[in-house]
Amino acid sequence: MNYLIEQLGASLFNQASVEQISNSVGLRPAQTQNILGQAVPIILKGLLNNSQKQSGLADLFSALVKDHDGGILGQMGDLIKNPGVAKGEGMLDHILGNKKSTVEQTIGKSNNIDMAKIAKIFAIAAPIVMGILGRQRKQNDWNMGGLNDALTRTNQDLRQKNKKEMSVIERMFDSDGDGSVSDDLAGIGMQVLRRWMS
C-alpha cells in the first residue's frame, strides 16, 4: 500500500481520532468521517497542484525541511483540541490558496454542516498530512523530485480507487462556487474512506 495513504489512515481515520475530532467540533462520528474523507484528498490534491510549479514545489519542500518532521503526530490530542497550535489555517491558505473559502463553503453546503466546523476539521487534517509527508521526506532523504513523485503517486493511487469521487474533487478546484459541485459531494467522503481503509 502507498505509505502516505496508509499512515494517514492510521493517524486520522482510526476510531479514537474520529471520536476526539467529533467531540471537538460537535459532530457525530459518521459526519466527521465523511468530512475527513473529503478533506484529506482535497489537501493532497492542493499540494500536488502547488508542486506542479517549481516555485510551489520549492516552497513546499522548504516548509517540510524547516517545520514538519512528524513531531505533530505525537501531539494529536493537543492538535485536535486546538488546531491553532500547529497553524493549520495558515497551512491551508498556502495549500488551497484562494480556493480555501470556496472549498469549505461547498463542503459545508453539501453536508448541511456549519462552515466553521468544516474549517476546523481541515485545520486539524492539514498539519497531520504535512507531518506525515515531512517525516517520510526525512526518512527517505527526498530531494524536490522525490517529493513531487510521492505526491503524484499518492494522488494517482487515490484516483485509481476512487475515480468518480476524485473527479468531483478535481472539479471543485475549477468551480466558481455555483453549487454544481456541491450536489455531487454529499456522501462521497464515506465512500472514499471505505476504500481507503480496505
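Preceding this section is the structure that the text describes.
Residues numbered from 1 in each chain as written. Predicted model: local features only at pLDDT ≥ 70, side-chain atom pairs only at ≥ 80, totals over all residues. Heavy atoms only, no water.

Trainee: What's the story with the overall build of the protein chain in this structure? I'm lost.
Mentor: For the protein chain, the count of helices and strands is 12 helices and zero strands. The buried share of the protein chain, taken over its 198 residues, is 54%. A fraction of 79% describes how many contacts in the protein chain between residues 6 or more apart in sequence connect residues 24 or more apart. (Helix = DSSP H or I, 4+ residues; strand = E, 2+ residues; numbered from the N terminus. Buried < 20%, exposed > 50% of the residue type's maximum accessible area, 1.4 Å probe, protein only. Contact = heavy atoms within 4.5 Å.)

Trainee: What should I look at first to understand helix H2 (residues 15-25) in this one?
Mentor: Residues separated by three or four positions in an α-helix point in the same direction, a consequence of the helix having 3.6 residues per turn. Turning to H2, its buried residues number three or more, namely Ser 17, Val 18, Ile 21, Ser 22 and Val 25. Taken down its axis, H2 places every buried residue within 135° of arc, on the same side. Residues of H2 that are exposed and point over 90 degrees away from its buried face: Gln 15 and Asn 23. The inward-facing, buried residues of H2 contact helix H1 (3-12), helix H3 (29-51), helix H5 (76-81) and helix H8 (115-140). By the N-cap criterion, in which a side-chain oxygen at the helix start approaches the backbone nitrogen of a residue two or three places on, H2 is capped by Asn 14, the distance to Ala 16 being 3.1 Å. With its phi angle positive at about 80°, Gly 26 sits one or two positions after the end of H2. (Arc of directions from axis to C-beta. Polar contact = N/O pair within 3.5 Å; in protein donor to acceptor, adjacent residues only side chain to side chain.)

Trainee: Sorry, what's going on with the side chain of Thr 32 here?
Mentor: Within the element layout of this structure, Thr 32 appears in helix H3. You can call Thr 32 buried: its relative accessible area is 0%. Apart from residues lying up to four places away in sequence, Thr 32 is in contact with Val 18, Ile 21, Ser 22, Val 25 and Leu 27.

Trainee: I would appreciate a short explanation of the pattern of salt bridges in the present structure.
Mentor: Opposite charge on two side chains permits pairing when their charged atoms draw close. Taken as a whole, this structure holds two salt bridges when the rule is applied. Ionic pairing is found between Glu 89 and Lys 100, a salt bridge with its closest N-O pair at 2.8 Å. Of this pair, Glu 89 sits in helix H6 (residues 88-96) while Lys 100 sits in helix H7 (residues 100-111), and the two are 11 residues apart along the sequence. Since its relative accessible area comes to 10%, Lys 100 is described here as buried. One salt-bridge network, in which partners are shared between bridges, spans Glu 89, Lys 100 and Glu 104. (Salt bridge = Lys/Arg side-chain N within 4 Å of Asp/Glu carboxyl O.)

Trainee: What is the right way to read helix H9 (residues 144-161) from this model?
Mentor: For H9, with 18 residues, the first-to-last C-alpha span of 26 Å sits near the 26 Å given by 1.5 Å per residue. Listing the buried residues of H9 in full gives Gly 146, Leu 147, Asn 148, Ala 150, Leu 151, Thr 154, Asn 155 and Leu 158. A distance of 3.1 Å separates the backbone nitrogen of Gly 145 from a side-chain oxygen at the start of H9, and that oxygen is part of Asn 143. (Expected span 1.5 Å × (residues − 1).)

Trainee: In this structure, what is going on with the packing of aromatic side chains? I would like to understand it.
Mentor: To describe a pair of aromatic rings, one takes the distance between the centres and the angle between the planes. Counted under the stated rule, the structure contains zero aromatic pairs. The ring of Phe 61 carries the charged tip of Arg 137 above its face, separated from the ring centre by 5.7 Å. (Phe/Tyr/Trp six-rings, centres within 6.5 Å; stacked < 30°, edge-to-face > 60°. Lys NZ or Arg CZ within 6 Å of the ring centre and 35° of its normal.)

Trainee: Mind showing me how you'd approach the side chain of Ser 11 here?
Mentor: Within the element layout of this structure, Ser 11 appears in helix H1. Taking the relative accessible area as the measure of exposure, Ser 11 reaches 14% and is therefore buried. Residues in contact with Ser 11, not counting those within four places in the same chain, are Ser 17, Leu 73, Met 76, Ile 128 and Ile 132.

Trainee: Help me understand the environment of Lys 45, please; the structure alone is not making it clear to me.
Mentor: Along the chain, the position of Lys 45 falls in helix H3. Accessibility expressed as a relative area gives 17% for Lys 45, which makes it buried. Remark: the alpha-carbon pair of Lys 45 and Leu 96, spanning 51 residues in sequence, is separated by 9.0 Å. Excluding anything up to four places from it in sequence, Lys 45 contacts Asn 155, Glu 170 and Phe 173.

Trainee: Would you explain the environment of Leu 79 in this entry?
Mentor: Tracing the sequence through the fold places Leu 79 in helix H5. Accessibility expressed as a relative area gives 0% for Leu 79, which makes it buried. Distance in space between the C-alpha atoms of Leu 79 and Ala 125 is 9.4 Å, their sequence separation being 46 residues. In this structure Leu 79 touches Ile 72, Val 85, Ala 86, Ala 123, Ile 124, Pro 127 and Ile 128, once residues within four positions along its chain are discounted.

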